[in-house]
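Structural overview
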Amino acid sequence: GQVLDQDFHLERVLAWPQSSLQLGQVSGLALDTNSNLVIFHRGDHHWGEDSFNSQARYQQRSLGPIQQSTILVVDPAKGNILKASGRNMFYLPHGITIDKENNYWVTDVALHQVLKVSSDGRDRTLLALGEAFTPGSDITHFCQPTDVAVDTGTGNIFVSDGYCNARILKFSPDGKYLSQWGAGSSDRRRRIPFQIPHSLVFLPERQEVCVADRENGRIQCFITETGEFVKEIKKEEFGGKVFAITFSPAGGGLIFAVNGASAYRSVPLSGFVINYSTKEILDTFSPEKKEFKMPHDIVATRDGSVFVGDAGSKSVFKFTTEKSHRSV
Ligand SMILES: O=C(N[C@@H](O)C(=O)O)c1ccccc1
């Protein structure tokens, strides 16, 4: 990992991608087992004010599934497309996570489902959790589930559920319900409930799962074994909304996050690099020239690159700490 000296600063790589990726609303990013970037996007579908009715039922089923390839495997160095899949399967893609066998775990907020999909280009659905197009809040229904985290040690999966629920559920690798915490569970510890648990990340060294509790503008971390609360990171600099988080073991453990626009506080849309242990913000970054519109997911590679997927500008930004201007 890179040396984290005090002038650690992420700058946008302007020449990335080298050619346009023709993306729709970018909802999710992940890194696969070959360290390629995987982009989950909505093609010609949009999540707008009229996409759902007041019972959280998707209103555009008649459009059919997205025809474009919604899952793009992209070379992190140049940005060229290596593989494209995920056609005719999804309605409103949201989160994507990749497990040790290189399977894709995705959520679709219109389907209200979590799907485990093969990455061999045949798009085989290996597991489906939730009932298609049927919102609910029991252990076999989600309501606009947002993301998945995979515990690489046990293979257990965590689901952040969701826009119209406020909980995290835990399942075995083959989809057996194990437990849940947050609203709807027998959670006796009276804590402020989640408000759109929007993004999850697993911390391997610590056996913790952290959630971007979006509308509470905070990050909370829990013991994967018990769901026990460990810590909260809430910063004025976030401006009230945290849309996505990811983790890198570099520098003793770093949390990367992106914030979101809030109605009453005009804060700049930025990425943040936070020291997990001290909760100190080490860097704040954003693309010059082209602003973030709705930064929606973030991943960090082992070589120190950071990618941000933006659902508003339908693009992916790459950042590195290479001192492009530094004289050798
Ligand atoms: O947050 C929203 N969308 C993004 O997170 C997303 O596109 O995933 C949203 C909420 C209500 C209506 C319309 C959009």
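Residues numbered from 1 in each chain as written. Predicted model: local features only at pLDDT ≥ 70, side-chain atom pairs only at ≥ 80, totals over all residues. Heavy atoms only, no water.

Focus: the overall build of the protein chain
Of regular secondary structure, the protein chain possesses zero helices and 24 strands. Seen through its C-alpha atoms, the protein chain measures out along the principal axes to roughly 60 × 45 × 40 Å. Relative to its full complement of 328 residues, the protein chain shows a buried share of 59%. Partitioning the intrachain contacts of the protein chain with sequence separation of at least 6 by distance along the chain shows that 47% fall at a separation of at least 24. Working note: accessible area of the protein chain is about 14000 Å², and carbon and sulfur atoms make up 49% of it. Distance from the positive charge centre (35 side chains) to the negative charge centre (37 side chains) of the protein chain: 2 Å. (Helix = DSSP H or I, 4+ residues; strand = E, 2+ residues; numbered from the N terminus. Buried < 20%, exposed > 50% of the residue type's maximum accessible area, 1.4 Å probe, protein only. Contact = heavy atoms within 4.5 Å. Areas by Shrake-Rupley, 256 points an atom, 1.4 Å probe, with all protein chains shown as cover. Lys, Arg positive; Asp, Glu negative; His and termini not counted. Charge placed at Lys NZ, Arg CZ, Asp CG, Glu CD.)

Focus: the pattern of salt bridges
For the coordinates displayed, the defined rule picks out eight salt bridges. A salt bridge links R122 to D120, with the shortest nitrogen-to-oxygen separation between them at 3.9 Å. Looking at D120, the relative accessible area reads 37%, which means it is partly exposed. Several salt bridges share partner residues, and in doing so they unite D120, R122 and R124 into one network. (Salt bridge = Lys/Arg side-chain N within 4 Å of Asp/Glu carboxyl O.)

A closer look at the site of the ligand
Inspection of the region around the ligand gives R42, W47, G48, E49, H94, Y163, H198, R214, M294 and H296 as its neighbouring residues. Within the side chain of R214, one N or O atom sits 2.8 Å away from an oxygen atom of the ligand. Considering the ligand on its own, with 350 Å² of exposed area, one finds that the protein chains cover 81% of that surface. (Near = heavy atom within 4 Å. Polar contact = N/O pair within 3.5 Å; in protein donor to acceptor, adjacent residues only side chain to side chain.)

A word on the sheet that holds strand 24 (residues 315–320)
Overall, antiparallel pairing links the four strands, which are arranged 1-24-23-22 in an open sheet. For this open sheet the edge positions go to strand 1 (11–12) and strand 22 (295–300), each flanked by a neighbour on one side alone. Two strands pair when backbone bridges link them, and strand 23 (residues 306–310) and strand 24 are joined in this way by five bridges, in the antiparallel orientation. Each residue of the ladder has a partner; that of G309, found in strand 24, is V316. (Pairing = 2+ DSSP bridges.)

Quick look at unusual backbone geometry
The phi torsion of most residues other than glycine is negative, and most of the peptide bonds are trans. For the peptide bond that leads from W16 to P17, omega is -5 degrees, which places it in the cis range. In this model, D161 is joined to G162 through a cis peptide bond whose omega is 25 degrees. Topologically, G162 is positioned in the loop between strand 11 (157–161) and strand 12 (167–171). Phi is positive for N102, which is not a glycine, with a value near 65 degrees. Note on placement: N102 falls in the loop between strand 6 (93–98) and strand 7 (104–108).

Let's talk about the packing of aromatic side chains
Summed over all chains, the structure comprises 17 aromatic pairs. Considering the side-chain rings of F52 and Y58, the 5.8 Å spacing of their centres and the 55 degrees angle between planes classify their relative orientation as tilted. Under the relative-accessibility criterion, F52 is labelled buried at 13%. You can call Y58 buried: its relative accessible area is 8%. One aromatic cluster in this structure is built from W47, F52, Y58, Y91, F133 and Y163. Above the ring of F133, the side-chain terminus of R61 is found at 3.7 Å from the ring centroid. Between K231 and the ring centre of Y276, over which it is positioned, the NZ or CZ distance is 3.7 Å. (Phe/Tyr/Trp six-rings, centres within 6.5 Å; stacked < 30°, edge-to-face > 60°. Lys NZ or Arg CZ within 6 Å of the ring centre and 35° of its normal.)

Some details on the nonpolar core
F90, I96, Y104 and V106 are the most contacted members of the largest nonpolar core, which has 23 residues in total. Those residues within four positions of Y104 in sequence are excluded, and the remaining contacts are V38, I71, V73, S85, I96, T97, I98, L115, K116, V117, S118 and S119. Counting residues in each nonpolar core, the second largest holds 18 residues, with L10, F243, L254 and I298 among its members. (Core = buried A, V, L, I, M, F, W, Y, C linked by side-chain atoms within 4.5 Å.)

Here we look at the state of the cysteines
Counting across every chain of the model gives two disulfides. The residue that forms a disulfide with C143 is C164, at a sulfur-sulfur distance of 2.0 Å. When the S-S torsion is -95 degrees, as for the bridge of C143 with C164, the disulfide is left-handed. Placement of the pair is C143 in the loop between strand 9 (125–129) and strand 10 (145–150) and C164 in the loop between strand 11 and strand 12, with a sequence separation of 21 residues. Each sulfur of the disulfide joining C210 and C221 lies 2.1 Å from the other. Around the S-S axis, the bridge from C210 to C221 shows a dihedral of about 105 degrees and counts as right-handed. (Disulfide = S-S within 2.5 Å.)

Details of the sheet that holds strand 12
To summarise the sheet geometry, strands pair through backbone hydrogen bonds and adopt either a parallel or an antiparallel arrangement. Taken together, the four strands give an open sheet; going across it, the order is 10-11-12-13, and neighbouring strands pair in antiparallel fashion. Two strands lie at the open edges of the sheet, namely strand 10 and strand 13 (177–182), each paired on one side alone. Looking at each pair of strands side by side, their axes are set apart by 20 degrees on average, direction ignored. As defined by bridge partners, strand 11 adjoins strand 12 across five bridges and the pair is classed as antiparallel. Each bridged residue has a counterpart across the sheet, and for F158 the counterpart in strand 12 is K170. (Axes fitted to C-alpha atoms, helices over the stretch in contact; angles between N-to-C directions.)

Distances and angles like these do not, on their own, reveal function.
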